[in-house]
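# Commentary on secondary and tertiary structure
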Amino acid sequence: MLLPPFAVLRDGEPIQAARLRTSVRTGIDYNDVRIELGLIPEFEEREVAVYVLTPWSEWQELRVEERAAAVAQYRLHNLISVHVEDAIAREAERKAKQKHGA
């Protein structure tokens, strides 16, 4: 199996492919022309700069490869958080079933 960048797995499969049982559609989306050009929306890029504790002016001076790696890490960090919440919800559901079934 070819491992994804950062090689993060959930239950033995790449976390990007792992299915979430619990998820909520927020309806939040970026309306930024950069997306159509295959670029990162400015808001997300600014969020990444905050995440890596880099002032925006310094962030813009970083090499593209460094910025891309930081964006990938930020996105993966958020994805891991969603999967942690999913695991917590599953465990709570399992315990509730046990409690009511016992």
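Rules of the game
- Residues numbered from 1 in each chain as written.
- Predicted model: local features only at pLDDT ≥ 70, side-chain atom pairs only at ≥ 80, totals over all residues.
- Heavy atoms only, no water.
- Phe/Tyr/Trp six-rings, centres within 6.5 Å; stacked < 30°, edge-to-face > 60°.
- Helix = DSSP H or I, 4+ residues; strand = E, 2+ residues; numbered from the N terminus.
- Buried < 20%, exposed > 50% of the residue type's maximum accessible area, 1.4 Å probe, protein only.
- Contact = heavy atoms within 4.5 Å.
- Core = buried A, V, L, I, M, F, W, Y, C linked by side-chain atoms within 4.5 Å.
- Salt bridge = Lys/Arg side-chain N within 4 Å of Asp/Glu carboxyl O.
- pLDDT = per-residue confidence, 0-100.

## A few points about the packing of aromatic side chains
Within this structure, the stated rule accounts for 2 aromatic pairs. With a centroid separation of 6.2 Å and an interplanar angle of 45°, the aromatic rings of tyrosine 30 and phenylalanine 43 are classed as tilted. One end of the pair, tyrosine 30, is in the loop between strand S2 (13-14) and helix H1 (33-36); the other, phenylalanine 43, is in helix H2 (residues 42-51), and 13 residues separate them in sequence. Residue class for tyrosine 30 comes out partly exposed when judged on its relative accessible area of 36%. With a centroid separation of 5.4 Å and 65° between ring planes, the pair formed by tyrosine 51 and tyrosine 74 is classed as edge-to-face.

## Overview of unusual backbone geometry
Phi angles above zero are rare outside glycine, and aspartate 11 is one such case at about 50°. Secondary-structure assignment places aspartate 11 in the loop between strand S1 (9-10) and S2. Under the relative-accessibility criterion, aspartate 11 is labelled exposed at 72%. Despite not being glycine, leucine 53 shows a phi value in the positive range, around 55°. Note on placement: leucine 53 falls in the loop between H2 and helix H3 (56-59).

## Concerning the side chain of glutamate 44
Mapped onto the secondary structure, glutamate 44 falls in helix H2. Glutamate 44 gets classed as buried once you look at its relative accessible area, which sits at 7%. Ignoring anything within four residues of it in the chain, the contact list for glutamate 44 reads Tyr30, Tyr74 and Arg75.

## Let's talk about the nonpolar core
One recurring pattern in soluble globular proteins is that nonpolar side chains are buried together. Counting 7 residues, the largest nonpolar core consists of Val48, Ala49, Trp56, Trp59, Ala70, Val71 and Tyr74. It is helix H4 (residues 64-101) that contributes the most residues to this core, 3 residues altogether. Those residues in contact with alanine 70 that lie beyond four places of it in its chain are Val48, Val52 and Trp59.

## Here we look at the pattern of salt bridges
As enumerated under the stated definition, the model contains 11 salt bridges in all. Arginine 10 is the partner of aspartate 86 in a salt bridge, and the nearest nitrogen-oxygen pair spans 3.0 Å. Of this pair, aspartate 86 sits in helix H4 while arginine 10 sits in strand S1, placing them 76 residues apart in sequence. Of the charged contacts, one joins arginine 94 and glutamate 91 as a salt bridge, the two residues approaching to 2.5 Å between their closest N and O atoms. One end of the pair, arginine 94, and the other, glutamate 91, are both in helix H4, 3 residues apart, so they sit about a helical turn from each other. One continuous salt-bridge network, built from bridges that share partners, spans Arg34, Glu42, Glu45, Arg46 and Arg67.

## So, the confidence of the model for the protein
When pLDDT is averaged across the protein, the result is 89; 94% of the residues are at 70 or more. Looking at the elements of the protein, mean pLDDT is at its lowest for S2, recorded as 87, and at its highest for H3, recorded as 97.

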